[in-house]
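Working through the structure, step by step
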Amino acid sequence: MEKGKRREVVVSALQFACTDDVSTNLATAERLVRAAHGKGANIILIQELFEGYYFCQAQREDFFQRAKPYKDHPTILKMQELAKELGVVMPVSFFEEANNAHYNSIAIIDADGSDLGLYRKSHIPDGPGYQEKFYFNPGDTGFKVFQTKFAKIGVGKGFY
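This is a predicted model, so every value here is computed, not measured.

1. What about the state of the cysteines?
This structure, assessed with the given rule, holds zero disulfides. Left without a disulfide partner, C18 is nearest to the cysteine sulfur of C56, which lies 12 Å away.

Here it is, written out as structure tokens:
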């Protein structure tokens, strides 16, 4: 940044009641991202695992069907289009399937729509209401910092 120039970063964190319908949740997320952008946000974080309701409260094998590979993940592709259209940075949480492992992952989407990379959550809680160790392997990406258009951002121990 040039000396004397001011940079304004406005961060918005979104949370909403999810349904069990991915397209409904994506539409809600898009509406809220647009609203946050309209209020000046340029880094917009949607809640963790927003494609559906929080399924980790019970241990059910059928929930593994929700996981998808990172490459060409439909939600990430949709959010890349939205980020590019609005010129915003968006960390996008998703349930990832990679080989025989499953991760609670987040892709960092820059304001031009490019995918800057992946973080796999390393701290996996386990206890009443949080059966995440049943679903997720500990992340193997290490803690990363991503240079976005507006700021350097990282994803820590948990997502939020």
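2. Focus: the packing of aromatic side chains
Tallied over the full model, the rule gives 15 aromatic pairs. Ring centres of F134 and Y135 lie 4.9 Å apart, and the angle between their planes is 85°; this geometry places the pair in the edge-to-face category. Taken together, the ring pairs in this structure connect Y53, F55, F63, F64, F95, F134, Y135 and F136 into an aromatic cluster. Lying across the ring of Y53, R66 places its NZ or CZ 4.9 Å from the centre. The ring of Y103 carries R120 above its face, with NZ or CZ at 4.2 Å from the centroid.

3. Here's the deal with the sheet that holds strand β3 (residues 90–98)
With respect to topology, three strands assemble into an open sheet ordered β3-β4-β5, the strand pairing being antiparallel. Both edges of this open sheet fall to β3 and β5 (115–120), since each of them pairs with a single strand only. Geometrically, the sheet is characterised by an average inter-axis angle of 30° between neighbouring strands, direction not taken into account. Those strands touched by helix α2 (residues 74–86) are β3, β4 (101–109) and β5, and its axis lies near 165° from that of β3.

4. Considerations on the environment of L49
Among the structural elements, L49 can be located in the loop between β2 (43–46) and α2. Along the primary structure L49 and F146 are separated by 97 residues, whereas in three dimensions their C-alpha atoms are 20 Å apart. In this structure, L49 is in contact with F55, S93, F94, F95, N104 and F136, ignoring residues within four places of it in sequence.

5. Quick look at the side chain of T75
Structurally, T75 is set in helix α2. In this structure the side chain of T75 is engaged in a polar contact, spanning 2.4 Å, whose partner is the side chain of E51. Setting aside residues up to four positions removed in sequence, T75 forms contacts with L26, F50, E51 and V92.

6. Topic: α2
Think of an α-helix as 3.6 residues a turn; residues three or four steps apart then line up on the same face. Its 13 residues place the ends of α2 19 Å apart at the C-alpha level, agreeing with the 18 Å of an ideal helix rising 1.5 Å per residue. Downstream of α2 by a residue or two, G87 has a phi angle that is positive, lying close to 70°.

7. Things to note about helix α1 (residues 22–38)
With 17 residues, α1 should reach 24 Å at 1.5 Å per residue; the first-to-last C-alpha distance of 24 Å fits that figure. Looking only at α1, the buried set comprises N25, L26, T28, A29, E30, V33 and A36. In this fold, the buried residues of α1 make contact with β1 (11–14), β2, α2 and β3. In the segment just after α1, G40 is the residue with positive phi, at about 105°.

Rules behind the numbers
Residues numbered from 1 in each chain as written. Predicted model: local features only at pLDDT ≥ 70, side-chain atom pairs only at ≥ 80, totals over all residues. Heavy atoms only, no water. Disulfide = S-S within 2.5 Å. Phe/Tyr/Trp six-rings, centres within 6.5 Å; stacked < 30°, edge-to-face > 60°. Lys NZ or Arg CZ within 6 Å of the ring centre and 35° of its normal. Pairing = 2+ DSSP bridges. Helix = DSSP H or I, 4+ residues; strand = E, 2+ residues; numbered from the N terminus. Axes fitted to C-alpha atoms, helices over the stretch in contact; angles between N-to-C directions. Contact = heavy atoms within 4.5 Å. Polar contact = N/O pair within 3.5 Å; in protein donor to acceptor, adjacent residues only side chain to side chain. Expected span 1.5 Å × (residues − 1). Buried < 20%, exposed > 50% of the residue type's maximum accessible area, 1.4 Å probe, protein only.

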